[in-house]
Amino acid sequence: MARWPQALVGLALGVMTLGLTACSEGPWNNPYPDPEAIANVVYSSFDERPKHLDPARSYSSNEYAFLAQIYEPPLQYHFLLRPYTLVPLTAEAVPVARYLDAEGRELPEDAPAESIAVSEYLVRIQPGILYQPHPAFAKDETGGYRYHDLAGEDLRGVNVLADFPASGTRELVAADYVHQIKRLAVPWLHSPIAGVMQDHILDFKDLSERIEAAALPSSPGGARPYLDLREIPFAGAEVVDRYTYRVRLRGKYPQFVYWLAMPFFAPMPWEAERFYSQPGMAERNLTLDWYPIGTGPFWLSENNPNLRMVLERNRNFRGERYPGEGMPEDAAAGLLADVGRVMPFIDRAVFSLEKEDIPYWNKFLQGYYDSSGISSDAFDQAIQYGSQGEAALTPAMEEKGIRLLTAVQASIFYMGFNMRDPVVGGDGEATRLLRRALSIAVDFDEYIAIFANGRGQAAQGPIPPGIFGHRDGKTGINPYVYRWQDGRAVRRDIDEARRLLTEAGYPGGRSPETGRALSLFFDTTATGPDDRARLNWFRKQFDKLGIELVIRATDYNRFQEKMREGTGQIFMWGWNADYPDPENFLFLLYGPNAKVDGGGENAANYSSPEFDARFERMKNMENSPERLAIIDDMVDIARRDAPWIWGFHPKSYSLYHAWLANLKPNEMANNTLKYRRVDPELRQAKRTAWNQPVLWPLWLTGGLLVAAAVPAVVSLRRRERSRAL
Amino acid sequence: MTAYIIRRLLYAIPILIGVNLITFLLFFVVNSPDDMARMHLGMKRVTPEAIETWKRERGYHRPLFLNRDANGAETLTDTIFFDKSVRLFAFDFGSSDAGRDIGYDISQRMWPSLAIAVPVLVVGLLINISLALFIVFFRATYIDIAAVVLLVAMMSISSLFYIIGGQYVLSKVFHLVPISGYDTGLAAWKFLILPVIIGVIGGVGTGTRWYRTLFIEEAGKDYVRTARAKGLSERLVLFRHVLRNALIPILTGVVVVLPLLFMGSLITESFFGIPGLGSYTIDAINNQDFAIVRAMVFLGSVLYILGLLMTDISYTLVDPRVRLS
Amino acid sequence: MPVVLITDALIFLLLVLAVGFGVYAARHAHLREPWGRVLRSRIGVAALVILGFYVVVGLLDSLHFNPRLGEKGAQGETLYSPQVLSVLDLVLTPLRERQEKTYSAPFATHLFAKETIELPNGTVVRDYPRLTYGGSHLRDPQTERLPDILLTSLRGLGWGLLLWLAVAMLIVWAFARRRGEGLRPTFDAMLAGGTAVPWRTLLLTLALLLILGAIAAELSLKYHILGTDKVGEDVLYQTLKSIRTGLVIGTLTTLIMLPAAILLGIMAGYFGGLADDIIQYLYTTLNSIPGVLLIAAAILMLQIYMANNEEAFASLVERADLRLLFLCIILGVTSWTGLCRLLRGESLKLREADYVQAATALGVGRFTVIGRHILPNVLHIVLITLVLDFSGLVLAEAVLSYINIGVDPTMNSWGNMINSARLELAREPVVWWSLAAAFLFMFTLVLFANLFADVVRDAFDPRLRGS
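A. The arrangement of the overall build of chain C in detail. Counting its regular elements, chain C contains 16 helices and seven strands. For chain C, the spread of C-alpha atoms along the principal axes amounts to about 100 × 65 × 55 Å. Looking at chain C as a whole, 53% of its 467 residues are labelled buried. Total accessible area computed for chain C in this model is approximately 21,200 Å², and 66% of it derives from carbon and sulfur atoms.

B. Up close: the side chain of Asn666(A). Residue and element names in this part refer to chain A. Turning to its location among the elements, Asn666 is positioned in the loop between strand E24 (660–661) and strand E25 (677–678). Here the side chain of Asn666 touches Met668 through a polar contact of 3.0 Å, landing on its backbone nitrogen. Residues in contact with Asn666, not counting those within four places in the same chain, are His78, Phe79, Arg82 and Tyr84.

C. Main features of helix H3 (residues 48–58) of chain B. Residues and elements named next belong to chain B. If you check which residues of H3 are buried, you get Ala50, Ile51, Trp54, Lys55 and Arg58. Seen end-on, H3 carries its buried residues on one side only, within an arc spanning 135 degrees. In H3, the exposed positions that point more than 90 degrees away from the buried face belong to Pro48, Glu49 and Arg56. Two residues or fewer past H3, Gly59 is found with a positive phi of approximately 75 degrees.

D. Seen up close, the interface of chain B and chain C. The partner chain C presents 45 residues to the 38 residues of chain B that form the contact. On inspection of chain B and its partner chain C, the count reaches one salt bridge. When the shortest N-O distance is used, the salt bridge between Arg209(B) and Asp454(C) registers 2.1 Å. At the boundary of chain B with chain C, the tally comes to six residue pairs in polar contact (both at pLDDT 80 or more). Elements with a contribution of two residues or more to the side of chain B that touches chain C: helix H1 (2–30), helix H7 (142–155), helix H8 (159–173), helix H9 (189–219), helix H12 (266–272), helix H13 (277–287) and helix H14 (290–318) of chain B. Sorting elements by how many residues they give to the side of chain B that touches chain C places H1(B) first, with nine residues. When the residues that make up the side of chain B that touches chain C are grouped by side-chain class, the tally is 26 nonpolar, nine polar and three charged.

E. The pattern of salt bridges, seen in detail. For the coordinates displayed, the defined rule picks out 59 salt bridges over all chains. A salt bridge links Arg308(A) to Asp183(B), with the shortest nitrogen-to-oxygen separation between them at 3.2 Å. Of this pair, Arg308(A) sits in strand E10 (residues 308–313) while Asp183(B) is found in the loop between H8 and H9, placing the two residues in two different chains. With a relative accessible area of 16%, Arg308(A) lands in the buried category. With relative accessibility at 5%, the residue Asp183(B) sits in the buried group.

F. Looking closely at the sheet that holds strand E1 (residues 2–3) of chain C. Residues and elements named next belong to chain C. Strand order in the open sheet formed by three strands is E1-E2-E5, with antiparallel pairing between adjacent strands. Every other strand in the sheet has two partners, leaving E1 and strand E5 (85–86) as the edge strands with one partner each. Across two bridges, the pairing between E1 and strand E2 (residues 64–65) is antiparallel. Each bridged residue has a counterpart across the sheet, and for Pro2 the counterpart in E2 is Phe65.

G. Layout of the confidence of the model for chain A. Residue and element names in this part refer to chain A. Scored by pLDDT, chain A has a mean of 86; 92% of the residues are at 70 or more. Overall, residues 1–11 carries pLDDT values under 50, and its contacts beyond four positions in sequence, including any with other chains, amount to 15 contacts. Below a pLDDT of 50 lies the segment residues 17–24, which in the model reaches seven contacts outside its immediate sequence neighbourhood of four places, other chains included.

H. Just the interface of chain A and chain B, in detail. Contacts between the two partners involve 69 residues from chain A, matched on the other side by 58 residues from chain B. Where chain A touches chain B, the interface holds one salt bridge. Across the contact surface, chain A and chain B share eight residue pairs in polar contact (both at pLDDT 80 or more). Breaking the side of chain A that touches chain B down by element, the ones donating at least two residues are helix H1 (3–22), helix H4 (194–200), helix H9 (357–365), helix H16 (556–565), strand E22 (570–576) and helix H22 (696–724) of chain A. A total of nine residues in the side of chain A that touches chain B trace back to one element, the largest contributor, which is H22(A). Across the side of chain A that touches chain B, the residue classes break down as 31 nonpolar, 18 polar and 20 charged.

I. Geometry of the environment of Met281(A). Residue and element names in this part refer to chain A. By secondary structure assignment, the location of Met281 is in the loop between helix H7 (270–276) and strand E9 (298–304). Residue Met281 is classed as buried on the basis of its relative accessible area, which comes to 0%. In the structure, Met281 is positioned 122 residues away from Asn159 in sequence and 9.2 Å away in space, judged by C-alpha atoms. With near-sequence residues (within four places) excluded, Met281 lies in contact with Leu150, Leu155, Phe164, Phe275, Tyr276 and Leu286.

J. The arrangement of the pairing of strand E7 (residues 237–241) of chain A in detail. Residue and element names in this part refer to chain A. Of the strand pairs in this sheet, E7 and strand E8 (residues 244–250) are connected by four bridges, and their pairing is antiparallel. Residue pairing across strands places Glu238 opposite Arg246, the latter belonging to E8. Counting the residues that bridge the hairpin from E7 to E8 gives two residues.

K. Broad picture of a nonpolar patch on the surface. The grouping of Ile6(B), Leu10(B), Ile13(B), Ile17(B) and Phe89(B) at the surface amounts to a nonpolar patch, some 440 Å² of accessible area in total. You can call Ile17(B) partly exposed: its relative accessible area is 41%.

Reading the values: the criteria
- Residues numbered from 1 in each chain as written.
- Chains lettered and ligands numbered in written order.
- Predicted model: local features only at pLDDT ≥ 70, side-chain atom pairs only at ≥ 80, totals over all residues.
- Heavy atoms only, no water.
- Helix = DSSP H or I, 4+ residues; strand = E, 2+ residues; numbered from the N terminus.
- Buried < 20%, exposed > 50% of the residue type's maximum accessible area, 1.4 Å probe, protein only.
- Areas by Shrake-Rupley, 256 points an atom, 1.4 Å probe, with all protein chains shown as cover.
- Polar contact = N/O pair within 3.5 Å; in protein donor to acceptor, adjacent residues only side chain to side chain.
- Contact = heavy atoms within 4.5 Å.
- Arc of directions from axis to C-beta.
- Salt bridge = Lys/Arg side-chain N within 4 Å of Asp/Glu carboxyl O.
- Nonpolar A, V, L, I, M, F, W, Y, C, P; charged D, E, K, R; others polar.
- Pairing = 2+ DSSP bridges.
- pLDDT = per-residue confidence, 0-100.
- Patch = residues over 30% accessible without salt bridge, like charges linked within 9 Å, V, L, I, M, F, W, Y side chains within 5 Å.

See below:
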């Protein structure tokens, strides 16, 4: 009988010794293989499987974190300069539009927008740029493509791209860019911007139909036979010569150059399409959505979104150089140390799947992630405010050499009113007063303090800081909600809101018809535990005016459906900038863009003729004082009508360890991995110092087990003997 | 015997059809194909045409159960239900709504699930049985009572507390194991220690208590009394008679859960970031990937039925008196 | 104005059933006897007292009403606030209304996070501000807090003892009258443990409970004895409110599944043949669907139903209540199969019993046989399943809330508390009190429910008796 507990102790000791010998070097809790310790690698994380890695389909920031390192559109945002500036990436220069009238005559640059029939962008790319090694380019002895006519049995045993032994490369040409623009129109690719491009690129809609007509029917198995897009004519984008292509737009659309910095307009070689469209490829998950093919500084060497994604340095990369100019403060921040050096500086970037905040944050503190955001719960641990209210790191963080970066994001979270709702919406004076009263009552300054740890800036209008048209200081405040006092914006008194409410016909928040408190409905997707506090807070805000807020929580699908049908009343939503232009925010209030009728992004269904007329003028203008004046007008109209409670612009705080260099928050650029530099020795030293295993609990447990086993064995023996007697 | 197994397998078919029907009903009461399309196409700027093509490509444009526009047998066969269920029975899971091959994903993800479930089962079994034997040895003494109260206390603690506490103490405070994560191949061992320890400890309360009951029941039987009366030592009695005879219910209890080990544990896997089938299922629910949900429900049902069958067979193997009919 | 939520109604239905069953059991020897055994067990009695405390809190929290507003309406009619409160809320008004700004530790006098404070002389410092309510009566918390806590506890102890004495006297007096003895000998007999029912254990448990309760009550008037959460709500209040959720899930689930399980189980066993095949098919099918998937789908479905019928569920409380009920139903659907199978087996055996055969031979109708002979003889199985399932269901609630398919996030429940507490553990210094409070209350409930279930099973299951 005594064998059992002894066996247990033995087992425990065995496990411990195994543990001791197996990780004698380096910390025990290192989640990466030991040999990697001093590699020139950046460690980061992702929290969700990227849905699409095809640049024609991808449209979310977590996918761009990978795509932007792999694919290279013609333009990019300057890493250091602010305001955000477009600079060439693969292009020779940022293209300038040529305007033509209906007869094809060239117009001067300042021609009125109405007279412009076509804008032409001529993009010249740099010669000599090579693609990453990829089997789609591999050639056999005769010079034909080695893997373009595979039969079923050739694919036996192939599960990942690396199972193809040979690979090749090719020079980047203008035709690849044109090919990709055509791909945006392919109906079965469901490019999310196909709808927008239809409105702007010439011939785009017809191209879609031509492709549909030319496409061979897909086989029952689902694989679509290859369709050579190069053979389909397209007036919207044409190859001029080997390194030049031309894009033609309908009318004037100055924002188009911003699109040229997004992965949608990255090059796509036809060989890739040909390669992946072979039968049997899709069944093996060999698709463009899974294995990108680009010219960028990195390529995706491992794609296992259940575990990790690895970007490896592209050995064919042309060697872009670190930018030479920056903002005045950049030199002091050490951002100009690498000027002129060839990028990228790291060999690999490992992204591990990390769904939960807590392990993520703890691993960051243990040194296993190089940089991190700050979740609301870890905030007090990391950040403290100085006496002037400026954010600084806590001593504990500074001791670890952690550094802090902050930036106001080019986005807005707002609380919208459905303008079609009879109670809160409409153009009448009474409902306008009601909305304004609520705008005062819902104290977003407090919201930011409680739920975002002060990481945000209360919005005064739709345009976030850093975007043309945003105004700081006294001229920038929303006079209906704030007043200027002692050099800062002060929220108007709740009494003022109560007065407005009385004027609106709800004295004391009471509805005159029913005699009961006015009930308003708040539609939200909140389902998590943290939302409870948030929803309670919203109820309290409305309660200040005696209004009862009824919360209708639902899932995201249902919420969207409500928005589409216009059956919501009050809701909260947000918008991230696609590009740094005020048009990208003001169009959220443009009447024809209404969610219900237009299927657009104007979720409040706000429609004001004054606003719309100005929007149409403003959208095609270059940034100028004249444009600013129109924008000011528009913002004033919107503030007066208050279709939104303006909410806030979130501020991003991110932390990074001492061994990481060249980080600057950039809301527009995603391809920032190439600038990054690490000091692996320092990292290894710190990791070892921070993660010394605490061994006494092991000995203690072992000791306790032995201590418990001995008397047990003794009493077992005794009992045995006494029974035997 | 063979005839019996074949009959049981045939009996499984109506059950699986029923399972499929319920899955379909539940899922499509909740989601329309439009919802699924929107979910997969992303949030910004989705056109109605795009939704239509998406549905057509994946066969979700047909009616659910009854196609009124079709003739004859096609009223039933040209529907989403028929199209999507038939292939399941050939274990052809097809590709997920996001376009990945489900069969391949399952074959990849079942290993991490097994890597946790099997050690937890084996180590747990050993520890629980030894503890239970130990307690039974001292039955009707204060050690027994104290142990039972301790066991009840252990099973009264929510599994969440074990996980949260274990992660906090062992990983955060003592730096003994990585907090979460996984690795392929043998390198995975250091990620498995913590979940396995927690899994075992979490199961001690229920398991030991159950085995104790079994042993006590067995120890009260006449033949054991006879053995004891013959002067066999208590240790021998416990090992030779009690344990051996109690092994039958223990083994059959284990056999029924064996197939379900593949399914993984939802909570453990998502807490520790282990890419097993449990987290696969949760992700699929969250992403509304109906193809995966359907495949997992089907797989789960098959494994469950398999477990029942294996239990029956194991009964005959350990006890020749039981005849299957 | 009283408000009756669906779960309230069901809880009181359950209460009526329980009382009815008690009366029924008292009249029938075969049921009275095992209950007597439960009452004679020391653990059983102690567990009953503790569970009684939970039940009382839960019941108080199940009496809902709209509070009356101070002012009158236009026609002079009384106005009621749309807010739904329970009697427990009323009792706990001091706890409910004294909200701080954000986290504060148990017995703290200062907030947990630093804030910018403007001093009277105009300078601005960054420090931990005083709480609005917790310990606000102290002038110098550093020196005064500990004595104050001790003093208040002492007062609580006094009250508790007094209360206990009163209750104990009542019990002793009632018991003495029944035994027809004087107070003194009865009391002595109780203390000596010489009574059949372990009165000593009962009184001791009661003393512990009352004294702890009184101390907690006294202290919580001045402090947040379990701290406050992220938005400053008192954690003690939250845990007490969570009791009802736990109890509802633990009891209503079984109640809801009971009719189906009993009916189908007995039918399958007694009738056999086709009925048996169909019912077996039904529960094998249901059983083979992974439960979590079933629950997830059902909860989503409910949300859609509510989104489509918004008018019917105007108030948040009603929506949360419906979700709770739905969760109970769906948990019942996934768990009734076990009981059904047990009952089937038992009825299969009973069908062959002599007296049943005799009744059938005498031409007694089938349903009469079921009602008269089978049902009463399987009741103990139902009872055992009921108590055994209870604790498992309370634990399941926490796990389900973790994957967001549990009770409504706006509802107080231990699952929701644990779920949000996970994030708090990542803080430095750690916010441990929400987790600890949920753990303490949940653990106590489940532990005593388990112990009680053991006692009940031992008393009712003849197979295990005596071992």
